[in-house]
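# A closer look at the structure
So you can see what is in the structure, the chains are spelled out below.
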Amino acid sequence: IVHSPIRPHPCFLLVPASEPPFPHLQTPDRGDAVWNVRWALCTRRSSGALAPGSGATIFALSSGQGRCGVAVIRTSGPASGHALRILTAPRDLPPARHASLRLLSDPRSGEPLDRALVLWFPGPKSFTGEDCVEFHVHGGPAVVSGVLQALGSVPGLRPAEAGEFTRRAFAHGKLNLTEVEGLADLIHAETEAQRRQALRQLDGELGHLCRGWAETLTKALAHVEAYIDFGEDDNLEEGVLEQAGIEVRALEVALGAHLRDARRGQRLRSGAHVVVTGPPNAGKSSLVNLLSRKPVSIVSPEPGTTRDVLETPVDLAGFPVLLSDTAGLREGVGPVEQEGVRRARERLEQADLILAMLDASDLTSPSSCNFLATVVASVGAQSPSDSSQRVLLVLNKSDLLSTEGPGPGPDMPPHLLLSCVTGEGLDGLLEALRKELAAVCGDPSTGPPLLTRARHQYHLQGCLDALGHYKQSKDLALAAEALRVARGHLTRLTGGGGTEEILDIIFRDFCVGK
């Protein structure tokens, strides 16, 4: 195979082989002369990346490691059909996009490997846009290893790198960059909300939105440039610049709304930070264990048992959450516990949602009153527009109210009653958490698509800044350039004109075989 990035046209190279690569597959009418044809398309795309399919056909296990009922091995590239013929000889290629039962054999020895379903996807109607094959084999390690070794022995095939199948799909226009990110998020989704958001992005909602904005800027840029070139022409429609200004202002409003919600999408992707806080012995560790459904924290009647911040990732009502158990907030204790209290207050400032816990049977104690005044009241007094933090007040030990004290008074802030011992009130708490987390992370089922990555926020902010320069420009040529810059940010967000380094960062998190 000849790799030459400077050749603009396909290069065909005929190489005589001294011996047939697979003697048992030869037929008498072929004679002794065997010619291996290698075809390499050596062009570079606008991003600077070598065009996928430049002679190399890749293969990998796509269904993950370990024993399973069925394992899927896939190939992509111009030699896919050749590899399928060799492994299923003497059978010909099956009908496109139809599953066919075939006996797979080792091309070197002719030894049977497995009886498998094979699917043939001729390009460009495939995931990558190239010729593709899928082998659905039995999932035992020996079978998978045998088929992979057989594919590796076929000339022109090599093991795929991480994310290479998806990268080829992107390069062939099957997916734009936001859809690629949605696919990566779908593979790594651990909660229902993450799955819904990833599917929306994979379906192209964010990409369609950005393309619509880019078309708006293209139209506005055309109006400005038309006025520059033909401003003195009587045939030019009146109000051309005014119309461009209206479109830019409307786009500014839309961009500003999405940027204000940018943190929500990132929380949905990486997890919201929920901190459980309160005075000692309020039941914070019991609640953390209850929500995480495992013994994360030590539970003891002795005050001050929790000295450090304990974190655990959990799925709360379908949303990804990093749940933090903290030391009880109090003064006048030893230096070790005071360090724990300091860390608890520090983590409290970083929280997206605060679960404020009090002992329902001890609401009149100085520690409870001080906690209500310093934490619950201060956070609760702020509107969601003033602060990103939200608070839920939980009164634990509700099972003790009937025997050991009066219930909450009418001046108590909105609260939820819970018993970590009996589980009473847990359903109500989970429903309240679902509503609060939907506000913190955004509801992936409704509303506009969310910005799930810092890259999205960067390009939208760059577009908005460029539109600000457009409005301030007194010179029409500078105004037109500002519109070009703004449009360029939207184009790069979906993958146009991206650099090789950016692509490497995005594709590096994919597994091999995807």
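Residues numbered from 1 in each chain as written. Predicted model: local features only at pLDDT ≥ 70, side-chain atom pairs only at ≥ 80, totals over all residues. Heavy atoms only, no water.

If you look the protein chain up in an unreviewed UniProt entry, it shows as 5-taurinomethyluridine-[tRNA] synthase subunit GTPB3, mitochondrial from Saimiri boliviensis boliviensis. In its Cofactor (unreviewed entry) section, the UniProt entry covering the protein chain states "K(+)". In its Subcellular location (unreviewed entry) section, the UniProt entry covering the protein chain states "Mitochondrion". (UniProt positions renumbered as here; feature names shortened; annotations may be inferred.)

Now for the overall build of the protein chain. For the protein chain, the helix and strand inventory stands at 16 helices and 14 strands. Looking at the protein chain residue by residue over its 514 residues, the buried ones come to 46%. Put simply, 66% of the contacts in the protein chain that link residues at least 6 apart link residues at least 24 apart. When the accessible surface of the protein chain is totalled, it reaches about 25,400 Å², and 54% of it is carbon and sulfur. (Helix = DSSP H or I, 4+ residues; strand = E, 2+ residues; numbered from the N terminus. Buried < 20%, exposed > 50% of the residue type's maximum accessible area, 1.4 Å probe, protein only. Contact = heavy atoms within 4.5 Å. Areas by Shrake-Rupley, 256 points an atom, 1.4 Å probe, with all protein chains shown as cover.)

Below, the discussion takes up the sheet that holds strand β13 (residues 390-396). With mixed pairing, the 6 strands of this open sheet are ordered in space as β10-β11-β9-β12-β13-β14. The open sheet is flanked by β10 (310-316) and β14 (416-417), the only strands paired with a single partner. Lying on the sheet, helix α9 (residues 284-292) is in contact with β9 (272-277), β10, β11 (319-325) and β12 (353-359); it crosses β11 at an angle near 155°. (Pairing = 2+ DSSP bridges. Axes fitted to C-alpha atoms, helices over the stretch in contact; angles between N-to-C directions.)

This brings us to the packing of helix α14 (residues 454-472) against helix α15 (residues 476-493). Running from N to C, α14 and α15 point in directions that differ by 170°, and their axes come no closer than 8 Å. As far as their axial angle goes, α15 and α14 are roughly antiparallel. On the side of α14, the interface is formed by R455, H456, Y458, H459, L460, G462, C463, A466, L467, H469 and Y470, while α15 contributes A479, A482, L483, V485, A486, H489, L490, R492 and L493. The residue inventory of the contact of α14 with α15, partitioned by class, reads 13 nonpolar, 5 polar and 2 charged. (Parallel < 35°, antiparallel > 145°, perpendicular 65-115°, else oblique. Nonpolar A, V, L, I, M, F, W, Y, C, P; charged D, E, K, R; others polar.)

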